[in-house]
Amino acid sequence: MFDTGYSYLLSLIEEGIFVLDGRCQILYMNQAAARIFNVIADKTRNMSFIEAVRDYECDALVKKCINTGVPQTASIKIRGKNQYLDLKVCPDTENRSYIVIVKDLSEKRHLEEIRRDFISNVSHEFRTPISSIKLIAETLADGAPIDSEVYKDFLQKINVEADKLAHMTDELTELSRLENNEPALIKDTLSIGALVGQVVQRLQAQSDKKGLRLNLDIAPDLPDPVIDQYRIEQVLLNIIHNAIKFTDPGGSISISIKQQGSEVLFVVRDTGIGIPADELSRIFERFYKVNKARDDEGTGLGLAISRHIITAHGGKIWVESVEGKGSTFFFTLPIGS
């Protein structure tokens, strides 16, 4: 029988812990195990291990330990979920029970995936302008006769590619500073109506050029939050500019702002290409780009920067989208400091 005197100690451990009898019935599970397998620990009395974990590979590993008396270890991906687990099963001969230790590696695997994608994306984004500059330099170095107009065109292309590299470097530097909580936000009480109006005015020409309808709806008597004007302008410019870029001519973009409890809610809705469902969870990652716009200009850093800015203000940012029918970006800012 499991000694309940250890329950408090085991509840503090980050790894999931099961104690099973020889029939794979659960004698005890800690809160970490309940969280990993999304079950309620208090309701596992008389429940079998397979009923709790709902995975046959995990269950098979436990049964192998019971049948052989030999400790077992395995790395298992839970079917139907993006969940990776390390399992260790050990017999406790003194108490005639079996200890299962579960370590959830899902977050670690996810971070490794982000790191790999980040390195790959940085390489991709920098390789194109560098290759272009190198090709022009090699052409000029060959000494072939080039008239003045071609020469000027080459110089212009070098400047354009160099500007792209400088822009990417600046955004990477800014993102790094935001992730390290520097510089501090410079907050002041500002009129949301005036701020949003300025941003819309700056982007109106781009919207008109594509034949888009740009609608603005600001609730009356909206309280003025305490915000960093420059940073919130960045967020609005990023989101509305993306909406313009990914909405076909004849479409529309609606921007609405209203009070919601103790927060101000911003909503930017477009009728654009939308985001594939399997990519929604990655929209705010560094260098993320919608696949259809992979070759489009832009670094893919704007939304990552926006997320950090909103989080630094104590707000939240999220997106809802249906591929082919448009996207809606939401973010909130708390009222007051």
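Refer to the structure above for everything that follows.
Below or above, wherever it landed, is the structure these notes cover. Counting starts from 1 at the beginning of each chain's written sequence and moves along it residue by residue. Whole-chain, interface and lining totals are the exception, using all residues; otherwise, since this is a predicted model, local features are given only for residues with pLDDT of at least 70 and side-chain atom pairs are given and counted only at 80 or more. As a convention, hydrogens and water are excluded, and side-chain values are obtained from all of the structure's heavy atoms.

1. Describing the sheet that holds strand β12 (residues 326-334)
Hydrogen bonds between backbone atoms are what pair the strands of a sheet, whose relative direction is either parallel or antiparallel. The following threshold applies: At least two bridges found by DSSP between two strands are what make those strands a pair. Only runs of H or I of at least four residues qualify as helices and only runs of E of at least two qualify as strands under DSSP, and these elements are numbered from the N terminus. Inter-axis angles, ranging from 0 to 180 degrees, are taken between N-to-C directions of lines fitted to C-alpha atoms, where helices are fitted over the stretch in contact. We call two residues contacting when some pair of their heavy atoms lies within 4.5 Å.
Strand order in the open sheet made by the five strands is β7-β9-β10-β12-β11, with mixed pairing throughout. A single partner strand is all that each edge strand has here, and the edge strands are β7 (213-218) and β11 (317-322). In this sheet, adjacent strand axes meet at a mean angle of 15° when their direction is disregarded. Helix α7 (residues 192-209) contacts β7, β9 (252-260) and β10 (263-270) of the sheet and is inclined by roughly 175° relative to β7. Lying over the sheet, helix α9 (residues 302-312) contacts β11 and β12, oriented at roughly 25° with respect to β12.

2. What to know about the environment of Leu20
Short version of the rule: In this scheme, a residue with accessible area under 20% of its type's maximum is buried, one over 50% is exposed, and one in between is partly exposed, where area comes from a 1.4 Å probe on protein chains only.
On the secondary structure map, Leu20 appears in strand β1 (residues 16-20). You can call Leu20 buried: its relative accessible area is 0%. Non-local contacts of Leu20, meaning those with residues more than four positions away in its chain, are made with Gln25, Ile26, Leu27, Phe49, Val62, Ser97, Tyr98 and Val100.

3. Observations concerning the side chain of Ser306
As for its position among the elements, Ser306 is in helix α9. Discounting chain neighbours no more than four positions away, the residues touching Ser306 are Val235, Asn238 and Ile317.

4. So, the nonpolar core
Soluble, globular proteins show a tendency: their nonpolar side chains are buried together. Stated precisely, the cut-off is as follows: What makes a nonpolar core is a set of buried Ala, Val, Leu, Ile, Met, Phe, Trp, Tyr and Cys residues whose side-chain atoms join them at distances within 4.5 Å.
Membership of the largest hydrophobic core comes to 42 residues, with the highest contact counts inside it found for Leu236, Ile255, Phe266 and Phe331. For this core, the secondary structure elements donating two or more residues are α6 (148-179), α7, α8 (229-245), β9, β10, α9, β11 and β12. In this structure, Phe266 is in contact with Ile192, Val196, Leu236, Ser256, Ile257, Phe329, Phe330, Phe331 and Leu333, ignoring residues within four places of it in sequence.

5. Some words on the packing of aromatic side chains
To describe a pair of aromatic rings, one takes the distance between the centres and the angle between the planes. What counts, and what does not: A pair of Phe, Tyr and Trp rings is counted when the ring centres sit within 6.5 Å of each other, with Trp represented by its six-membered ring. The angle between the planes then sorts it: under 30 degrees is stacked, over 60 is edge-to-face, the rest tilted. The rule for a charge over a ring is simple: NZ of Lys or CZ of Arg within 6 Å of the ring centre, and within 35 degrees of the ring normal.
Throughout the structure, instances matching the rule amount to five aromatic pairs. A ring pair is formed by Phe18 and Phe49, whose centres lie 5.0 Å apart and whose planes are at 85°; its orientation type is edge-to-face. Highlighted residues: Phe18 in strand β1 and Phe49 in helix α3 (residues 49-53), separated in sequence by 31 residues. Here Phe18 matches Phe49 in class, with each residue buried. Here the aromatic rings of Phe266 and Phe331 are separated by 4.3 Å at their centres, their planes lie at 10°, and the arrangement is stacked. Here the residue Phe266 occupies a position in strand β10, and Phe331 occupies one in strand β12, the gap between them amounting to 65 residues. Given the relative accessible area of 1%, Phe266 is considered buried. Look at Phe331 and you get buried, because its relative accessible area is 1%. Three or more aromatic residues joined by ring pairs make a cluster, and in this case those are Phe18, Phe37 and Phe49. We note Lys77 situated over the ring of Tyr84; from NZ or CZ to the ring centre the distance is 5.6 Å. It is Arg109 that lies over the ring of Tyr84; its NZ or CZ is 3.8 Å from the centre.

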